[in-house]
Amino acid sequence: MALQAVALALLLLPAAGALILALSALSISRRVVRLLGPGVVWLGFLCTLVLFVDSLQSGGPHDFSYWTWIRSGAFSLPANLLVDRLSVFMCLVVTGVGGLIVTYAVGYMDHENDASYARFFCYMDLFIFSMLLLVLAGNFVFLIMGWAMVGLSSYLLIGFYYWRYSAVAAARKAFVMNVVGDIALVLAAFAIFAQYHQTTYAGVFGALPRADDPWVEVIGFLLLVGGIAKSAQLPLHTWLPDAMEGPTPVSALIHAATMVTAGVYLIGRMHPIFDLAFWAHSTAALIGAVTALVAATIGIVQTDIKRVLAYSTMSQIGYMFLGVGLGAYAAGFYHLLAHAFFKALLFLGAGNVIHAMNDEQDMRRYGGLWKQLRPTSICFLIGSLALVGIFPLVGFFSKELILGDAFSKPDQGGFPQVMWAVGFLTAVLTGFYTGRMWWIAFWGEPARDRPVEHPHEAPPVMLVPVVILTVLTCIGGALQVNAGFDIPWRQVEDFLSPVVGPLPWSPRGLEWIPTAATLLLGGVAFLAAYNFYVSRVWRPWSAAVPWLQRLLERKYYFDEIYDAVFVRTMDGVANVGDRFLEEPVIDGAPTGVAAVAEAGAGTLSLTQSGYFRTYVLVFVGGALLGLAVILLARTAG
Amino acid sequence: MPDYGQIQVGSGTLDARLVLGLAVVLFVLGAVGVLIRRNPIVILVCIELMLNAANLTLIMFAAQLHNLEGQLFTLMTMTVAAAEAVVGLAILVDIFRVRDVDDVDQLSELRG
């Protein structure tokens, strides 16, 4: 009973924070905003810790049903929250990393000297609430509500600088592409209800058939489309790089640590469906692998530091999809946790740099920051190395867990091993683009056109969260050791296995070979970037293959293709509709009625001459006419 | 003209057609007066004239049909006529107070 209240409090605290800030944004003092904005998230974190301790002790899932929301014939929908180890795991990420980022934002957003300050924290708290609703939902309706509301808060935060056209366009793009996924998710829920007549997770999973059938595949693919759109996987990924228009803490929280990993959560949460739906499940892995590779290649040529991080986010989420798509759920979620640590660290570090560089985001105009922004540089380096997967940082363990599990999965025509090979190649590319980012931005001499000559390190409120994330990145690897090594220390797997089950295959014992190769080649690629971009000992690779550089810089022409296929088509349809439907029919009907009424009134008003005797004449004439009619009728009758 | 018979007036009789004819003459005088005269006071007088023409027919038919309702209704009409005259004159006095009007055609602000 007490736990039930804690779970509800966890959900409602950020909602209350958002509501208070929304209602009083114009009058509330900044001091209160500073306390309230991050405060409710940290209170939520405390609630999560209570649930976490309970889940460690009892382990059992709690399905807290608060009341029956809708009951109509066979349809019954309880307002229930599912608190099991998976949702507690996600809540820890959302409120923990979220708390750090929102705290960081207190400093980062400080130059907003009007009501926008409160507005920002209102949106952030709204996002935290939505994300918690998404992960705590115990039924499909709550899931869809949370799913749509994270999209909404993402939209609001990308378009936070609403006076900038590019921000508004990016927000709209993100929203539209997210809605594609929302629709797929809603359709999936419809299909589930039509097939199994259940709304709660427990009910649905209990009603699933024993073997694969077409409906399960349809549901699986619909869920997958929802996950792809939210997690910016191919081919619904183009919104994520543009979403970097939002303030940097937003990029860290929503577009790196939490919201974009919702697709991974969805697949993990729906694992009973995906375990049955072979094709949908394998497609998830395939999409993850392709996205990981494609995003990593694009990341090599980006010049905006946040866009490099955005593409690396896509790439890393591709790894998670690869993991959960192959059935290695714990590996996927471990990488989710690790990624939340080091990618939030990288974004916040980048935020410190951007702050110090007067909002300049082009990293070619940085250079030489290592000497001037030492604390941020060290943290950023650790984050970068974790991204590359260098021992003993958390990224090494989590990425190796995914790649090792893929490597050792028993043959399905070699599919997992192909996925592993793609992941391996991506890891090398990751080393290269991360190295490029690090060397260009922080090493070497300051760029000639650097905006600030003597940058200042960020204030403590921004530096401390970065340092905490750095520490987490350093020690997070202690949670789990790759199954290939004969060390029985698998905290993440053990924690999550009551929900997602244990890994259904056992390791081959050879995983250390690919692990060593990945570590080695990733590290070499990281160092090789130095010779390309700082010392320039080696000729730029793009000189040899300019067409490839062009292809990557145009991001494989995804935006251009979508523009031609969808945007232009819709514009054409809209123009036709405007000309032939909107103007003549929809506008035409009311304006036509108004025009007829106006003309009629104009004509009639001519009779209103204002002369008394005209009226009398008409009156008398009318009376006489009436009399004449009566008399004539009588005479005729 | 059809025969409307006789009505009893005191000890003698009177041809109803004469009375109706007088009423028609009075009514037409009033109506034409309203139409062609421009002095508001005269228009009011002409309206009274038409009302009284109607009263005359009412009384005539009441006497002919031995029905008191017609006479009663005449009293009612006279009351209404008095009230109407009061209101009309009051309006006229108000208009005169604002501006010097001796022609109703000058009061045509409400034209469409």
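Before any of the text, the structure's been laid out above.
These figures come from a predicted structure and were not determined experimentally. (Residues numbered from 1 in each chain as written. Chains lettered and ligands numbered in written order. Predicted model: local features only at pLDDT ≥ 70, side-chain atom pairs only at ≥ 80, totals over all residues.)

(A) Geometry of the overall build of chain B. Check the secondary structure of chain B and you find three helices and two strands. Listing the helices and strands of chain B from first to last along the sequence gives β-β-α-α-α. In terms of overall size, chain B is more extended than a compact globule, its C-alpha atoms giving a radius of gyration of 18 Å where 112 residues would be expected to give roughly 13 Å. Across its three principal directions, the C-alpha atoms of chain B cover 55 × 30 × 25 Å. Residues counted as buried form 14% of the 112 residues belonging to chain B. Of the contacts formed within chain B by residues at least 6 apart in sequence, a portion of 42% connects residues at least 24 apart. (Helix = DSSP H or I, 4+ residues; strand = E, 2+ residues; numbered from the N terminus. Rg over C-alpha atoms; globule rule 2.2 N^0.38 Å. Buried ≥ 20, exposed ≤ 12 C-beta atoms within 10 Å, placed from the backbone. Contact = placed C-beta atoms within 7 Å.)

(B) The arrangement of the overall build of chain A in detail. Secondary structure assignment for chain A yields 26 helices and two strands. If you line up chain A on its principal axes, its C-alpha atoms span 120 × 65 × 50 Å. Across the 637 residues of chain A, 50% fall into the buried class. Within chain A, counting contacts between residues at least 6 apart in sequence, those at least 24 apart form 80% of the total.

(C) Highlighting the nonpolar core. Judged by nonpolar contacts, the single largest core of 202 residues is most densely connected at Leu132, Leu136 and Ala344 of chain A. For this core, the element with the most residues is helix H15 (residues 329-356) of chain A, which contributes 20 residues. Once you skip the residues sitting within four places of it in the chain, leucine 132 of chain A turns out to touch Leu10, Leu11, Pro14, Cys91 and Val94 of chain A. Among the nonpolar cores identified, the runner-up in size contains 12 residues, and Ile7, Ala31, Val34 and Met60 of chain B belong to it. (Core = buried A, V, L, I, M, F, W, Y, C linked by C-beta atoms within 7 Å.)

(D) A look at the packing of helix H6 (residues 165-196) of chain A against helix H8 (residues 214-230) of chain A. All names here are of chain A. Contact geometry for H6 and H8: axes closest at 7 Å, N-to-C directions at 155°. Comparing their axes, H8 and H6 come out roughly antiparallel. Where H6 crosses over H8, the two elements pack in a sense that is left-handed. Contact with H6, carried on its side by Met177, Asn178, Val180, Gly181, Asp182, Ala184, Leu185, Leu187, Ala188, Ala191, Ile192 and Gln195, involves Trp215, Val218, Ile219, Leu222, Leu223, Val225, Gly226, Ile228, Ala229 and Lys230 of H8 and no other residues of that element. Among the residues forming the contact of H6 with H8, the class breakdown is 16 nonpolar, four polar and two charged. (Axes fitted to C-alpha atoms, helices over the stretch in contact; angles between N-to-C directions. Parallel < 35°, antiparallel > 145°, perpendicular 65-115°, else oblique. Left-handed = near helix turned anticlockwise from the far one by under 90°. Nonpolar A, V, L, I, M, F, W, Y, C, P; charged D, E, K, R; others polar.)

(E) The interface of chain B and chain A, seen in detail. Counting residues at the interface gives 11 residues for chain B and 11 residues for chain A. Along the lines of polarity and charge, the residues of the side of chain B that touches chain A split into six nonpolar, two polar and three charged.

(F) Geometry of unusual backbone geometry. Residue and element names in this part refer to chain A. Here the amide bond leading from leucine 234 into proline 235 is cis, since omega sits at 0°, within 30 degrees of zero. Here proline 235 is to be found in the loop between H8 and helix H9 (239-242). With a phi angle near 55°, histidine 197 is a residue other than glycine that sits in the positive phi range. Look at histidine 197 and you get partly exposed, because 13 C-beta atoms sit within 10 Å.

(G) Broad picture of the pairing of strand E2 (residues 75-83) of chain A. Relative to E2 of chain A, strand E1 (residues 62-72) of chain A runs antiparallel, the two sharing nine bridges. Bridge pairing links threonine 68 of chain A to proline 78 of chain A in E2 of chain A. (Pairing = 2+ DSSP bridges.)

(H) Molecular detail of the environment of glutamate 48 of chain B. All names here are of chain B. Along the chain, glutamate 48 falls in helix H2 (residues 40-65). Residues glutamate 48 and alanine 81, 33 residues apart in the sequence, show an inter-C-alpha distance of 6.9 Å. If we ignore the near neighbours within four places in the chain, the residues touching glutamate 48 are Ala81 and Ala85.

(I) Seen up close, the packing of helix H3 (residues 85-108) of chain A against H15 of chain A. All names here are of chain A. Viewed as axis vectors pointing N to C, H3 and H15 meet at an angle of 5°, and their least axial separation amounts to 11 Å. Judged on the interaxial angle alone, H15 and H3 are roughly parallel. Of the residues in H15, those touching H3 at Phe89, Val93, Val97, Leu100, Ile101, Tyr104 and Tyr108 are Phe333, Leu337, Ala340, Ala344, Leu348, Gly351 and His355. Classifying every residue of the contact of H3 with H15 by side-chain character gives 12 nonpolar, two polar and no charged.

(J) Layout of helix H14 (residues 305-325) of chain A. All names here are of chain A. Compared with an ideal rise of 1.5 Å per residue, which puts 21 residues at 30 Å, H14 spans 30 Å between its outermost C-alpha atoms and is within 8% of the ideal. Burial runs high along H14: 21 of the 21 residues are buried. Phi turns positive one or two residues past the end of H14, at glycine 327, with a value near 95°. (Expected span 1.5 Å × (residues − 1).)

(K) Quick peek at the environment of valine 250 of chain A. Residues and elements named next belong to chain A. By secondary structure assignment, the location of valine 250 is in helix H10 (residues 248-257). Separated by 96 residues in sequence, valine 250 and serine 154 have C-alpha atoms that sit 8.1 Å apart. Excluding residues within four positions of it along the chain, valine 250 makes contact with Leu157, Phe160 and His255.

(L) Layout of the environment of alanine 280 of chain A. Residue and element names in this part refer to chain A. Topologically, alanine 280 is positioned in helix H13 (residues 278-299). Separated by 59 residues in the primary sequence, alanine 280 and phenylalanine 221 have C-alpha atoms spaced 5.1 Å apart. Leaving out residues up to four positions away in the same chain, alanine 280 has contacts with Glu217, Gly220, Phe221, Leu224 and Phe274.

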